Amino acid sequence: MEKFIVEGPTKLIGHLMVAGAKNVALKALVASLLTDDTVIIQNVPDIRDVHLMVEVLEHLGKRCDVKKDVITIQNNAPHTCTVPLEVGARLRASSMVLGPLLSRYGKAIIPNPGGCRIGARPIDRHIDGLIAMGATISYASNDGYFHADAKNLHGAEISFEKNTHTGTETLLLAAILAKGTTILHNAAEEIEVDDLISLLNQMGAQIERKGKREIVIEGVEKIHGTTFTIMPDRNEEVTFAVAAIASKGNITVHHSRREYLSAFLDVLEKVGGGFEVIDDDTTRYYYKGPLVATDIVTAIYPGFMTDWQAPWALLMTQAKGESVVHETVFENRFTYVEELKKMGAQILYFDPDVSRPEEYYNFNWKDRPLGTHQAIRIQGPTNLHNAVLSVNDLRAGATLLLAAIIGSGKSYLYGIEQIDRGYEHIEKRLNEIGSHIERVTEDALS
Ligand code: EPU
């Protein structure tokens, strides 16, 4: 077990390079299952979720050679169609192998997908789509596996009831080698989906965005290998932007994709956060004076992303006045709140007045656990201080790490494997620009 010991407060000043997008890298690795040819993926972040996906692919018969940020995937052993529980249950995106396995081999057995503990996160929308394409899928509660079969996966016209990012990608991956045309209505528009589409088309797939939120996939018999460079991680960029401003510092971000951050930059400007365009892919984020409070509501693309709300809430603890953060995509993404309160943050939960919550929220309203709240009120500014903190999900973890950096005194962060799931060598990179973070391995018995 590892923990971070963080000595604050520090200003973060310097240059950071944004790593490749986690939420593309994982799916690009899955795409390699669609062909026997070699697939080379570049700009892959060195993070725990990628390591887990490599394990999944190796169990399924691939060999993955990792050299720095390049992964070369080749056939290695006869394929299998089962993802072991131990790996799959720790990685939500592992369920995406359903598409390639069903379309190529007609069979897939996958554990109930894991990942961040940010709500129930069912995969009913993925499953319904695969069933419409001819799959038979059952969930065996006695072994925790989904058992899926499809003799002939075929195209279908599928309308998602609500947005689903990985659900859209799962059906894309299934439809490429299915017989006939698949039309996805109300498909996700997140830019990471488009990066995956670029890779798949480069491999020979025929995928096209047509109308608003509509994707058309013409099934093909075979696709081939390729070399593809994945886009930078815009969620990491937002984390760095908040790091700069919350610490009253100044960070120049390289490999910036600010063109996909307008929902963030608009509100950053409104609260008085500084950013400067240096060139096409370089942006400087800096503290330019006291911040003012504002309200945000998370939304699907092109709105203010759910992945940004935790770091944003930290920023608002430093702003003058009362801010509101209303989470509409996931039902349980405030696990950092009790931890920030330990550091002195003034935060109260509440439930906004929403007339038809079952339609308004992106998650399934019926899945929401009793006692969960969808919004918080933050009173600022607050001088945060040290605490012993527990990390429950990826973005919450990055937020608490930043809170410990700007808070006074020595903080202890437990559960840091959640941060390692999506941020490459985070303490090394932040220490290079001024933080004092030590990774300590704890003896399980001590
Ligand atoms: N949902 C269902 N049923 C489904 C699918 C989704 O109820 O079949 C609900 C989910 O429980 C959730 C909401 O709908 O409440 C949104 O789910 P979606 O499928 O859009 O999200 P996801 O695919 O599980 C991906 C990213 C998340 C990111 C969201 C939003 C990956 C591996 N994960 O999650 O990234 O927040 O889209 O863009 O791509 C992260 O990087 O930390 C992260 C959580």
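Residues numbered from 1 in each chain as written. Predicted model: local features only at pLDDT ≥ 70, side-chain atom pairs only at ≥ 80, totals over all residues. Heavy atoms only, no water.

Peer 1: Please explain helix α7 (residues 191–202) as it appears in this structure.
Peer 2: For an α-helix the count is 3.6 residues per turn, leaving residues at separations of three or four pointing the same way. The end-to-end C-alpha distance of α7, which contains twelve residues, comes to 17 Å, matching closely the 16 Å that a straight helix rising 1.5 Å per residue would cover. Considered for burial, the residues of α7 that qualify are I191, E192, V193, D195, L196, I197, L199 and L200. (Helix = DSSP H or I, 4+ residues; strand = E, 2+ residues; numbered from the N terminus. Expected span 1.5 Å × (residues − 1). Buried < 20%, exposed > 50% of the residue type's maximum accessible area, 1.4 Å probe, protein only.)

Peer 1: Looking at this model, I keep getting lost on the site of the ligand. Mind explaining?
Peer 2: Near the ligand lie 27 residues; those nearest to it are D124, R125, T164, T166 and R395. Taking K22, its side chain carries an N or O atom lying 2.9 Å from an oxygen atom of the ligand. Between the ligand and N362 there is a distance of 3.4 Å, counted from an oxygen atom to a side-chain nitrogen or oxygen. Contact with the protein chains hides 98% of the accessible area of the ligand, taken as 830 Å² for the molecule alone. Listing elements by their share of the shell around the ligand, those giving two or more residues are α1 (22–31), α5 (124–132), α6 (165–175) and α13 (394–406). The residue makeup of the shell around the ligand, split by class, is eight nonpolar, nine polar and ten charged. Among the domains, domain 1 (2–18 + 233–441) and domain 2 (22–229) are the pair contributing at least three residues each to the shell around the ligand. (Near = heavy atom within 4 Å. Polar contact = N/O pair within 3.5 Å; in protein donor to acceptor, adjacent residues only side chain to side chain. Areas by Shrake-Rupley, 256 points an atom, 1.4 Å probe, with all protein chains shown as cover. Nonpolar A, V, L, I, M, F, W, Y, C, P; charged D, E, K, R; others polar. Domains from an automatic or database assignment.)

Peer 1: In this structure, what is going on with the pairing of strand β12 (residues 214–218)? I would like to understand it.
Peer 2: Two faces belong to every sheet, and in a regular strand the side chains alternate between them. Of the pairings in the sheet, the one linking strand β10 (residues 181–185) to β12 comprises five bridges and is antiparallel in character. Paired with T182 across the two strands is I217, which belongs to β12. Where strand β11 (residues 206–209) meets β12, four bridges bridge the pair, whose relative direction is antiparallel. Looking at the pairing, E208 lines up with V216 of β12. Following β11, the chain reverses through four residues before pairing antiparallel with β12; R213 in that reversal takes a positive phi of roughly 55 degrees. (Pairing = 2+ DSSP bridges.)

Peer 1: Would you explain the nonpolar core in this entry?
Peer 2: Here is a general trend for soluble globular proteins: nonpolar side chains tend to be buried in one another's company. Counting residues in each nonpolar core, the largest one holds 75 residues, and the members touching the most others are V50, V97, L102, I176, L184, L200 and I207. For this core, the element with the most residues is α1, which contributes seven residues. With residues up to four places along the chain from it excluded, the contact list for L102 reads K107, A108, L130, A135, A148, D149, A150 and L153. Ranked by size, the runner-up nonpolar core spans 66 residues in total, among them V242, I245, L265 and I419. (Core = buried A, V, L, I, M, F, W, Y, C linked by side-chain atoms within 4.5 Å. Contact = heavy atoms within 4.5 Å.)

Peer 1: Whenever I open this one, the layout of surface pockets confuses me. Can you help?
Peer 2: To locate leftover empty space, one rolls a probe as large as a water molecule over the atoms. One number sums up the size of the largest pocket: a volume of about 370 Å³. Secondary-structure elements contributing two or more residues to the lining of the largest pocket are β2 (13–17) and α15 (426–431). The leading source of residues in the lining of the largest pocket is β2, at three residues. Of the residues belonging to the lining of the largest pocket, the class tally is seven nonpolar, five polar and seven charged. Here the lining of the largest pocket gathers at least three residues from each of two domains, domain 1 (2–18 + 233–441) and domain 2 (22–229). (1 Å grid on protein atoms, 1.4 Å probe; cavity = no way out; pocket = protein on both sides within 12 Å on 5 of 7 lines; lining within 4 Å. Points joined across faces, edges and corners; volume = space filled by probe spheres on them.)

Peer 1: Explanation requested: the domain arrangement of the protein in the structure shown.
Peer 2: One frequently used descriptor of interface size is the decrease in accessible area upon assembly of the parts. Along its sequence, the protein is carved into domain 1 (2–18 + 233–441) and domain 2 (22–229). On a C-alpha basis, the centres of domain 1 and domain 2 stand 29 Å from each other. Each partner contributes residues to the interface: domain 1 has 30 residues there, and domain 2 has 25 residues. Note on domain 1 versus domain 2: buried area summed over both sides is about 2400 Å², and carbon and sulfur give 45% of it. Seen at the junction of domain 1 and domain 2, the total is two salt bridges. The closest approach of N and O atoms between D49 and R421, which form a salt bridge, is 2.7 Å. Between the two partners, domain 1 and domain 2, sit 15 residue pairs in polar contact (both at pLDDT 80 or more). Counting only elements with at least two residues in the side of domain 1 that touches domain 2, the list comes to α8 (234–246), α12 (357–360), α13 and α14 (417–420). At three residues, the largest contribution of residues to the side of domain 1 that touches domain 2 is made by α14. Here the residues of the side of domain 1 that touches domain 2 sort into eight nonpolar, nine polar and 13 charged. (Buried area = accessible area lost by both parts, 1.4 Å probe. Salt bridge = Lys/Arg side-chain N within 4 Å of Asp/Glu carboxyl O.)

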